[in-house]
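# Residue-level structure breakdown
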Amino acid sequence: MHPAPSIILFTTLSGLGFGLMIWMGLGFPGVTGWTAFAFAALACGLAGGGLVASTFHLRHPERALKAFSQWRSSWLSREGVLSVATLAAFAPYAAELWLYDMRLAGLGWLVAALALATVLATSMIYAQIRAVPRWHHWTTPALFVLHALAGGALLAAQTYVAALLLLALGGVQIYHWRKGDIRFREAGTTAETATGLGRMGRVRLLEPPHTGRNYLLREMVHVVGRRHAERLRLISLAAGCLLPAFLLSALPSGHLAAGIAVLLHLGGVLAGRWLFFAEAEHVVGLYYGRR
Amino acid sequence: MTSLPEKTERALGLVIDLDTCVGCHACVVACKGWNTEQYGAPLSDMDAYGAAPEGSFLNRIHTFEVTPDAGPVAVVHFPKSCLHCTDAPCVTVCPTGASYKRVEDGIVLVNESDCIGCGLCAWACPYGAREMDAAEGVMKKCTLCVDRIYNDNLPEEDRVPACVRTCPAGARHFGDLADPESAVSQLVAARDGMDLMPEQGTAPVNKYLPPRPKADQAPDGEIDVLAPLLEPVAEPGGFLGWLDRALGRL
Amino acid sequence: MGQQPRLDTSPPVTDEIRRTSCYMCACRCGINVHMKDGAVRYIEGNRDHPVNRGVLCAKGSAGIMQHLSPARLRAPLRRVGPRGSGQFEEISWDEALKTATDWLKPIRETAPEKLAFFTGRDQSQSFTSWWAQSFGTPNYAAHGGFCSVNMAAAGIYTMGGAFWEFGQPDWERTKLFMLFGVAEDHDSNPIKMGLGRLKARGAKIIGVNPVRSVYNAVADEWVGITPGTDGLFILALVHELMRAGRIDLDYLIRYTNAPFLVNCDPGSEDRGLFLRDDEGRPLVRDRATGRAVLWDTPGIRPDLANGLETGGMAYRPVFQLMAERYLDPAHAPDAVAARCGVPAARIRRIAAELARVAFEEEIVIERPWTDWKGERHAVMRGRPVSFHAMRGISAHSNGFQTCRALHMLQILLGSVETPGGFRFKPPYPKPPEAHPRPHCRTRPGTPLDGPHLGYPMSPDDLALTPEGAPARIDKAFTWENPLSAHGLMHMVISNAHAGDPYRIDTLFLYMANMAWNSSMNTAQVMRMLTDTDETGDYVIPRIIYSDAYASEMVAYADLILPDTTYLERHDCISLLDRPICEAEAAADAIRWPVVEPERPGHAGVRGFQSVLLDLGARLGLPGMVTEDGAPAFADYADYMVHHERRPGVGPLAGWRGAEGESHGRGAPNPRQIERYIENGGFWLAHIPEEAHYFKPWNRAYQDWAVKTGLVDKPAPYVFNLYVEPMRRFQRAAEGLGRHRPPEHLRDRIAQAMDPLPIWYPPFSEDAATDADYPLHALTQRPMAMYHSWGSQNAWLRQIHGRNPLYMHGRLMAEHGLEEGDWAEVTSPHGTITVPVARMDALNPHTVWTWNAIGKRKGAWALSEDAPEAREGFLLNHLIHELLPPKGDGLRWANSDPVTGQAAWYDLRVRIARADPPPEECRPVFPPVASPVGPAPRNVRRGGTE
Ligand SMILES: Nc1nc2c(c(=O)[nH]1)N[C@H]1C(S)=C(S)[C@@H](COP(=O)(O)OP(=O)(O)OC[C@H]3O[C@@H](n4cnc5c(=O)[nH]c(N)nc54)[C@H](O)[C@@H]3O)O[C@H]1N2
Ligand SMILES: Nc1nc2c(c(=O)[nH]1)N[C@H]1C(S)=C(S)[C@@H](COP(=O)(O)OP(=O)(O)OC[C@H]3O[C@@H](n4cnc5c(=O)[nH]c(N)nc54)[C@H](O)[C@@H]3O)O[C@H]1N2
Ligand code: SF4
Ligand code: SF4
Ligand code: SF4
Ligand code: SF4
Ligand code: SF4
Ligand SMILES: [Mo]
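Residues numbered from 1 in each chain as written. Chains lettered and ligands numbered in written order. Predicted model: local features only at pLDDT ≥ 70, side-chain atom pairs only at ≥ 80, totals over all residues. Heavy atoms only, no water.

### Details of the environment of Leu488(C)
Residue and element names in this part refer to chain C. Let me state the cut-off plainly: Helix numbers and strand numbers start at the N terminus; a helix is a DSSP run of H or I with at least 4 residues, a strand a run of E with at least 2. Only heavy atoms enter the contact rule, under which two residues are in contact if any of them lie within 4.5 Å.
Following the sequence through the fold, Leu488 ends up in the loop between strand S22 (422–424) and helix H16 (489–498). When the C-alpha atoms of Leu488 and Ala395 are compared, they prove to be 13 Å apart, with 93 residues separating the residues in sequence. Setting aside its immediate chain neighbours within four residues, Leu488 contacts Asp474, Ala476, Asn481, Thr899 and Gly900.

In structure tokens, the structure reads:
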């Protein structure tokens, strides 16, 4: 799939933002007043910024409100509804922390639940797509949720938990890649099933339907070099999980270490997200002799 | 409108005969022409006379080579447009309800005034049957010519999709695949009609008729029982003797 | 769940439908042009039209984009830069016509042959040739010489018609259909419709083609023959059928010259000619009496098995000569299999299948008919085997004889003009005798002595000067190519440049992209067009050209007369010319301006035929001016209605007579065009049922043809298995008769003009070529693109915007090539560098590409970095109009020695990996300046931004 920067930014940033909200909802870090305001602003900024970034992907953002209507069936719609609900719940919760130094625990749990649900909904947008076998697997939600939890924990300065979660994230990430590499084969979709011509023999594209490009090729067919992908995987794993986990556990905690860990993590996750899209092969590529 | 109907009254769709399609692209261009003038926004062409022309089309013809275990390689022309799936994933993913499947005939449509151009439906479609129009920013797809098939302004015989009407080889058939008595259903039954990517679970309405077995798939040594080799004329005097007698018999 | 949106499923479609004829190609389908707010909005097929019955091909549906093309010319142009630069200024029509008149008038008054007027794939040849005849130049022809004259001429000489315009398979009844060397053909939609009908009936299709693409892809059986060897393959089928006695003897004795008696006396002056009576009528041996009698004597039983002696000479029936030749083991499947690339067992099986279907699945229609001798037949008996072929067999230097061989096979099976077989379309059948002979006598200020083109019956009919030199600039109808019935357009520029046989003054071309895809040796042709002599003048002094678009050729003209698009003019698809008839009906059609040609801000464009009439009137050409010197016709529409070729016979056959009451023959009807428009743009007259088959011999058909004005009196004839006129040329080469070919051509004529079909290797082939250039290189027509003129179409160019060279996977591996790589392709004539792609459904010694996708930078209003100009290429750079020198000091023409047809598909090449790959295809030519444009960037509804 085409790794669109707006979507990569959106999923990464909003994941971090909602992750932070989960922790804040649960009462970590236990801050109030202006510190709480700073944390809340970061969470909202990330989640909201991500959401704004995602509208860049829409060709008709002025109609975006319509996207709230189909929550019964559409994960994208659910995600929209949930993110707004999360923000709506988070706002009074954060205001109480900031202005009244008070934590409304019940509301906090609701915020955490909603934020988690939002992240889950985001992940399901991809995981539900059967036509992209690499995504259509439980590791996709696991990855997104762990990313939110770990990143959130990192931002929430929950050093110990964050380190553990980062390691878990790394583990799931590796499994997602390894599994992902064979998902296409497992899905059983081939040029033969795509054309129904398998009973006649092996199928190979002779002539594409058009020599010009089209939307499908631009959007759905993206080829990443193997070496390039391998390098990026290493970077993503190291920067996104291992190094921050190491920094957190080995170095004395402090703003500098945390800051470096967060930035490394962000960079690693962005690389991972880029791969998440770029490596995902859509079955439509089979009709174009590419996958 | 993103939920799929439990059941549609009819299941209108196309049956495409891969044994007959000569790959002429007539249906592609007829579709482009009709749908540029009718349903929704016109189908645009970007950089139309330049280095990288890119337009929206709702129907495209691919050409595949098929290599059997033995015998010569075959070539198959392969038209592809929306298959109007019964379990259409493109519909259920749509956040706005712009994508929907009609209850009365099962046609899958995009209500362009509701479409935000998110592109998710195109991702969800395994067949590549949806293309976002680059100029208008809305999702385009085959409408099964919903604005032709019921259109009172057209003569009765023209109330078929533009691609079907134009196909010179008669490789495209239109009808109700929910009705086992319909001509298309009969054709599917007789010719072993098939689904594309059944494993994707989309339950397409459109069916494909596979190419008939090729006569050249039989090794050359093996002779068709119906076509025994020609024996030389056996009469005395050889060919001229035979000729003389044969003329006498006339 | 919400409510489903309410949808108007019955929206208004159009304001008005205007019905005319398509001209996105030469197939001439009927179209419904949908108009909204006065503009063209949608084009679909006309269901009533005999050619396409409602269907339309990709090009036809894309007509709107051709009509709205940014490459449309807008005004007459006068060259201001050097030739080939593309620099022009727009001028007024008055100025343009005055310039042309000033150039042409002195030529006509002094030496009319100094005008060479050649037209491309227009559909008004009966008109343009009439104009040229009236002007008085012998130098006129259309494009058939580089297209398919082998097929046409072989068909006419053998049986009075060939495929496409002349005839068609009996699609409704045929059970076994064999297709030779066709990618798309002119009969685009009818062939597809026909194949569709065969498929629906489950009839069998065999495709004979080195490439298994398009129609061959749907064939039930594919014969991947080696190019240039079809003749061998066909003669091996003949061998098998004859050997087994599986031929239709009754048919042969009734309807062919198989029983005609050939002089076989080695000492006779007349050897090889038919035994004739005092009035020159051929004789046959009657089996009952053993005596020679007139071939058409009622009640006789002509003999095929026995000859006779008379006047001291031995005569043998044609059929005996055939048996002798084709039963020879040299024609056995085993002898030809390797060369053809088709296993012998396969050839035998196909022969057996032909025989089985022809003779065991015979069909009978209960429909009595009467033959020309008066014999009544109770039924129509048919052999449901049919064939179709085109340039794959004709565009070779052995093409004429190969086409003859195929017709001979059809005839031996008794499947021509019988149910289930091949059927003629009116005005065919029309044997060679019924066509004119070529004419070439010029006198200043006077029309030519007769029609330019025709069918020579003997060396007397050649177009030679009294000194024996070629009379025509293209050297048609000379000993180099005696039966060049369509002229040799591909030789005009090189001959004019060489001043051989003489210099000309003005080259006048219409609708042919001769500076690009229709020329062999394209780079050289561009040079010839721009070459100057010692004095700095152009070697070809003046070039006038009519095109509708900014093609490559435009840049090479001095004066451009811009034509309209096909939706903006009157045209006439006439029975005098290349009509749209069907096997069961005569039909003709028109085009009419469904929109006016508007080019706001420019001088505008005019229909070329109207311009030609205007020019004719200014030149005072007979027929084009009234007695007082005024123009005889207001425009082409006026001509279509009022011109009469013979009394009562004009360009359009329908609704003649003052009230439109008569058809075929009748006085001009001033409202004729309106009647055509009311009827959907065409006219159709059904042939009576009794006359549907056996047309050459069917009394009902012959009478109908006379009544309809196709012929003036019944003219039954027999098929020429043995073409006696060819023998007359062969004799000349043997030193017999009045005219003798030049010494160096004798052997070639003696071989090529064999009166019975033969096969010889294409001229490009010999042991050296086989070693140095082991591959055959072909082009094919893409179905969704028409030569060069489709690339300006925003829709079609997305389908075919570049073209790779397709080659077998094994060949790629051998040369270390992978998909996406580039290769150098070298012929004896030059090298090009092109992208490659893999195709395994291919004769392994063959490579091919789509024809005419490559474009010159700057042409067609495309951007200079368009894929057509960078990754599209022409094979034409590798094809020379002359063969490489062979040591005899001569350079033989790369064409068929009988007809002069360009041998496009004789091309031999070798390939090598291009390392490093180039940026774009080579050779690269500098861009031409565009006389139009710039084109809009993006296009939405109606061709606008
Ligand atoms: N869409 C479209 N239609 C067209 C045209 C166009 O440009 N586009 N052009 C029109 C014109 S001008 C013409 S002349 C006709 C030509 O129509 P076709 O005769 O169909 O012409 P080609 O495309 O030249 O195809 C020749 C075929 O012969 C095969 N061939 C080559 N050599 C041999 C051989 O030795 N033996 C056999 N058996 N096959 C061989 C080639 O592989 C190819 O398939 O098409 C007309 N119709
Ligand atoms: N390598 C290779 N070369 C070939 C062939 C091949 O098989 N292989 N085939 C050969 C054959 S058979 C043919 S017929 C030729 C065809 O080659 P051409 O006869 O050159 O055909 P086109 O390129 O279609 O264009 C002719 C010109 O007509 C112009 N034109 C289009 N419409 C109109 C109109 O309405 N009015 C006027 N006045 N002009 C118009 C176009 O703009 C174009 O410049 O190519 C030949 N060249
Ligand atoms: S083919 Fe694709 S667009 Fe059409 S209904 Fe099925 S999933 Fe949806
Ligand atoms: S692009 Fe339009 S139709 Fe497709 S999912 Fe998005 S809103 Fe729905
Ligand atoms: S049914 Fe209509 S919209 Fe669909 S492919 Fe055919 S012409 Fe196009
Ligand atoms: S129009 Fe018919 S034959 Fe041509 S590509 Fe389409 S389906 Fe195939
Ligand atoms: S075959 Fe196509 S382009 Fe040619 S006349 Fe017919 S519709 Fe037009
Ligand atoms: Mo041609």
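Having seen the structure, we can now continue with the description.
### Structural notes on the interface of chain C and chain B
Short version of the rule: In short, buried area is how much 1.4 Å probe accessible area vanishes from two parts on joining, totalled over both. The salt bridge criterion pairs a side-chain nitrogen of Lys or Arg with a carboxyl oxygen of Asp or Glu, the two atoms within 4 Å. Between N or O atoms, a polar contact is any pair within 3.5 Å; within protein, one atom must be a potential hydrogen donor and the other a potential acceptor, and residues adjacent in sequence are included only when both atoms are from side chains.
Taken together, the 98 residues of chain C in the interface contact 90 residues of chain B. The contact between chain C and chain B buries some 8,000 Å² in all, and 58% of this surface belongs to carbon and sulfur atoms. Linking chain C to chain B there are eight salt bridges. Between Arg47(C) and Glu157(B) there is a salt bridge whose closest N-O contact spans 3.7 Å. Across the chain C-chain B interface, the total number found is 36 residue pairs in polar contact (both at pLDDT 80 or more).

### Re unusual backbone geometry
Residue and element names in this part refer to chain C. Each neighbour pair has its own omega, and for Pro426 with Pro427 the value is 5°, a cis peptide bond. Position of Pro427 among the secondary structure elements: in the loop between S22 and H16. A cis amide bond links Gly933 to the next residue, Pro934, at an omega of 5°. In this fold, Pro934 is placed in the segment after strand S34 (908–913). For Phe477, which is not a glycine, the phi torsion comes out positive at approximately 55°. The residue Met511 is not glycine, and still its phi comes out positive at about 60°. Note on placement: Met511 falls in the loop between strand S23 (506–510) and helix H17 (522–530).

### Remarks on helix H21 (residues 699–707) of chain C
Residues and elements named next belong to chain C. Filter applied, for reference: Think of it in three bands: residues with accessible area under 20% of the maximum for their type are buried, residues over 50% are exposed, and the middle band is partly exposed, with areas taken using a 1.4 Å probe on protein chains only.
Residues of H21 that are buried include every one of Ala700, Tyr701, Gln702, Trp704, Ala705 and Val706, and no others. Looking at the buried positions of H21, the neighbouring elements they touch are strand S27 (585–591) and strand S28 (682–686). Taking the backbone nitrogen of Ala700 as reference, a side-chain oxygen 2.9 Å away marks Asn698 as the first, capping residue of H21. The first or second residue beyond H21 is Gly709, which carries a positive phi of 85°.

### Topic: the interface of chain A and chain B
The test is simple: All residues other than Ala, Val, Leu, Ile, Met, Phe, Trp, Tyr, Cys, Pro, Asp, Glu, Lys and Arg, Gly among them, are scored as polar; the first ten of these are nonpolar and the last four charged. Two strands pair under a simple rule: DSSP has to find at least two bridges between them.
Listed per partner, the contact involves 59 residues of chain A and 63 residues of chain B. Summing the contributions of chain A and of chain B, the shared interface buries around 4,900 Å²; its carbon and sulfur component is 57%. Viewed at the interface, chain B and chain A are joined by four salt bridges. Across the salt bridge formed by Arg204(A) and Glu65(B), the nearest N and O atoms sit 2.8 Å from each other. Along the contact surface separating chain A from chain B lie 30 residue pairs in polar contact (both at pLDDT 80 or more). Elements with a contribution of two residues or more to the side of chain A that touches chain B: helix H3 (75–100), helix H4 (105–127), helix H7 (191–195), strand S1 (202–207) and helix H8 (215–220) of chain A. Element by element, the count of residues in the side of chain A that touches chain B is highest for S1(A), at six residues. Among the residues forming the side of chain A that touches chain B, the class breakdown is 30 nonpolar, 18 polar and 11 charged. Bridge analysis of S1(A) against strand S4 (residues 60–67) of chain B gives five bridges, and the strand direction is antiparallel. Residue pairing across strands places Leu205(A) opposite Phe64(B), the latter belonging to S4(B).

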